[in-house]
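If you want the building blocks of each chain, they are given just below.
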Amino acid sequence: MVDINELTLEEKAALTSGADAWHLNGVESKGIPGYMITDGPHGLRKMRQADGVNGLYDTVPSTCFPPAAGFANSWNTELVREVGVAMGEECVQENVAVILGPGVNIKRNPLGGRCFEYWSEDPVLAGHLPAALIEGVQSQGVGTSLKHFAANNQETDRMRVSARITERALREIYLAAFEYIVKNAKPWTMMCSYNQINGTFSSENHWLLTDVLRDEWGYDGIVMSDWGAVHDRVASLDAGLNLEMPPSNTDDDVVIAVREGRLDERQLDRMADGMLRLIEKTRPAMERDYTFDVAAHHALARRAAQESIVLLKNEGAVLPLAAGEKIAVVGEFARTPRYQGGGSSHINPTKLSSFLDALDERGADYAFAPGFTLDDAAQDGALTGEAVAVAQNADKVVMFLGLPDIAESEGYDRENIDIPAKQVEVLHAVSVVNPNVVVVLSNGAVVSVSDWQADAKGLLEAWLLGQAGGEATADVLYGDVDATGRLSETIPVSIEDNPSMVNFPGGEGYVDYGEGIFVGYRYYDTRNLEVAYPFGYGLSYTTFEMTDAKAEATGPTGARASVTVTNTGMREGSQVVQLYVAPNHESPAVRPSHELKAFAKVSLKPGESREVTFDLDDRAFAYWSERFEDWHVEPGEYVIEFASSSRDVEAVAAVELEGDGKTLHLTDMSTLKEWSEDPVGARIFNDRAAEFERNGGVFWPTDEVNRMFFYTVPLNSITTFVGPKGRWFKETVLADYAAAVGE
Ligand code: BGC
């Protein structure tokens, strides 16, 4: 590999900027190639006209796997890894060195315009699944770009807005998935977000890109900008951003800044050296000739889609459909599938199967009526009439409802979570003539079901499923495979229940994350608020049971927990065992009632049982303490919940942990309660209080109410309450404490 010191200042500056919208800069004189990098994230989006950002949709065909909003519901890390491998193979064929994804930002509010590209409202799910995708892609010798680092949780004013977030919420919610992935899957590149975090652009944020990412988490890859996120090259390089994309033609500014001493050349060297290492890492794959197996990748996309579908409702066992049943299919989406979102993630699939194609392939007995158009024209009564007519003559109706393309895309947020009213109108008309209606939803972000779901006996949340979605939907509806998807996000009764509503999307250039750590089910469950369907929920065609929960401490801050899961039904199926941790002691910090910390998807034959074991490290029990400016595992009891959704806890075991032993450094502003509970402070405090009383003073109030009040008083204010001797008390306690802790 070329040594960075062999390059001129100009060459180094050039390495830290793209050659065009989709290529790195090489160094011709040294034989360093300028490889292509391109989107992502649920398949390869390589533009045919590769030098601009226009013609976004004119791309070479590649397999369109389910976008994250769908695939997250699979809760299947192994399957996600397989898809990663396949995506990596497609990159090798197309000579793409880095695929720009996955995007792992937390779904703070379902109105967020890019929810379809993101995985979950929960950082464990949003961390573990994409980590597997990254491992899969990178196993093929090409890089990924973990994005958008960090706090891109809305599209409104996304290029400028300042996300104002407490450090605790950042650490526990908005950075946690990134942290897990950086430490475990080691993405070769990351992409910063457009927005600012607490007043500093991510692209210029030294705390984010260097202090946290590199120094704390040990990241050794490169960070690139989101497209056009750099406003000041020098500030970005200084903060730890290796690569500006696309180029803003400001390499001169960098060269001058070094010459004038405004940018340390060693920092430029570090950033440029990262680029050299990335190019070398991808070189072997870029020099390989490879052709991927189009049919095999389509088959994989079909499996991925099957596992992404969530069966929410199945009254009277309306599903699975039986082969001989006459069905009416209603809804334009059955013919014109909505299978991915718009914007920079849009893929040109190698093949596309609609639901109707899948029915034809099976030779199913069906009649179709589009029911409605996908534009915003008023409902055409003739279409409703036609839908009612086909429904009348069928055993069951499969009705496709959802969001048209325009309803959700990169660049803007949604205004509500409703499906178009005309679709609901047709559903209602159909349900009047045929009681056996099964609704299949096509949407990239949560839609409300509360107003109309009574009209349907069956309900399938099919999200966006990629190119094999039609076949996969038929596979699940006919029960060829079990329904194994589980919700990766809560479906609220109303969007107004969402904890961020009053602060979404903010205004005047900023947005306050006022709900703190209480995002998604962390809020709904802690408040015990009714939801339409809880996080983690999903039915199967069989039934399961969880028994024999066990938990034991493996150290002061870790535990091992296990549970036995049994298929108690009549057919093969998969259950997702979800492990939530619920602190069961008085905590110095506000904590959610429980949080997902681990999960496993288990496939079982009828009657089969399996014991599933989880090793839980300190992070499963810790919260981010603003007092310690660090993670903290407090001593006490923790309940380990094994659940089939955040609201369906099926077995529990408790574990007592010693905690990490971190103690507060007491000061004159520590309260009497804090003094009297601290392992070192309590002895000193109690001794001096006893001495105080021996000398005739009255220290502790005798009645309970005053004593409670007294506990809240900082040591510094003691004189006010116990008289002049309080001063002696305060000074001796502080002196004794300083001596005891060796100050
Ligand atoms: C998006 C990124 C994308 C990039 C390149 C940006 O607008 O935010 O996710 O990778 O464009 O297309």
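Residues numbered from 1 in each chain as written. Predicted model: local features only at pLDDT ≥ 70, side-chain atom pairs only at ≥ 80, totals over all residues. Heavy atoms only, no water.

- For the protein chain, an unreviewed UniProt entry supplies the name Exo-alpha-(1->6)-L-arabinopyranosidase and the organism Bifidobacterium primatium.
- In its Subunit (unreviewed entry) section, the UniProt entry covering the protein chain states "Homotetramer."
- For the record of the protein chain, the UniProt heading Function (unreviewed entry) holds the text "Catalyzes the hydrolysis of a non-reducing terminal alpha-L-arabinopyranosidic linkage in ginsenoside Rb2 (alpha-L-arabinopyranosyl-(1->6)-alpha-D-glucopyranosyl) to release alpha-D-glucopyranosyl (Rd). It is not able to hydrolyze alpha-L-arabinofuranosyl-(1->6)-alpha-D-glucopyranosyl (Rc)." (UniProt positions renumbered as here; feature names shortened; annotations may be inferred.)

### A short note on the sheet that holds strand S5 (residues 189–192)
Right, so step 1: Strand order in the open sheet formed by 5 strands is S1-S2-S3-S5-S8, with parallel pairing between adjacent strands. Because the sheet does not close on itself, it has two edges, and the strands there are strand S1 (36–39) and strand S8 (222–224). Neighbouring strand axes in the sheet, compared pairwise and without regard to direction, differ in orientation by 30° on average.
Right, so step 2: Docked against the sheet, helix H10 (residues 265–286) engages strand S2 (96–100), strand S3 (143–149), S5 and S8, running at close to 110° with respect to S2. (Pairing = 2+ DSSP bridges. Helix = DSSP H or I, 4+ residues; strand = E, 2+ residues; numbered from the N terminus. Axes fitted to C-alpha atoms, helices over the stretch in contact; angles between N-to-C directions. Contact = heavy atoms within 4.5 Å.)

### A closer look at the environment of Val255
Right, so step 1: Within the secondary structure layout, Val255 lies in helix H9 (residues 251–259).
Right, so step 2: With a relative accessible area of 7%, Val255 lands in the buried category.
Right, so step 3: Counting along the chain gives 243 residues from Val255 to Lys12, while the straight-line C-alpha distance between them is 8.9 Å.
Right, so step 4: Among all residues touching Val255, those that are not within four sequence positions of it are Leu9, Glu10 and Ala13. (Buried < 20%, exposed > 50% of the residue type's maximum accessible area, 1.4 Å probe, protein only.)

### A few points about the environment of Thr250
Right, so step 1: Assignment of secondary structure puts Thr250 in the loop between helix H8 (233–239) and H9.
Right, so step 2: Residue class for Thr250 comes out buried when judged on its relative accessible area of 18%.
Right, so step 3: Between the C-alpha atom of Thr250 and that of Ser17, which follows or precedes it by 233 residues, the distance is 8.6 Å.
Right, so step 4: When residues no more than four places from it in sequence are discounted, the contact partners of Thr250 are Arg233 and Glu244.

### Some details on the sheet that holds strand S4 (residues 162–164)
Right, so step 1: The mixed open sheet is built from 4 strands, whose spatial order is S7-S6-S4-S16. The outermost strands of the open sheet, each flanked by one partner alone, are strand S7 (200–201) and strand S16 (510–512).
Right, so step 2: As paired elements, strand S6 (residues 196–197) and S7 share 2 bridges and run antiparallel to each other. When the sheet's bridge partners are listed, Gln196 is paired in S7 with Phe201.

### Brief notes about the pattern of salt bridges
Right, so step 1: In this structure the tally under the stated criterion is 57 salt bridges.
Right, so step 2: A salt bridge links Glu216 to Arg171, with the shortest nitrogen-to-oxygen separation between them at 2.8 Å. Placement of the pair is Glu216 in helix H7 (residues 206–216) and Arg171 in helix H5 (residues 167–174), with a sequence separation of 45 residues.
Right, so step 3: One connected set of salt bridges, linked through shared partners, spans Arg114, Glu117, Glu155, Arg158 and Glu410. (Salt bridge = Lys/Arg side-chain N within 4 Å of Asp/Glu carboxyl O.)

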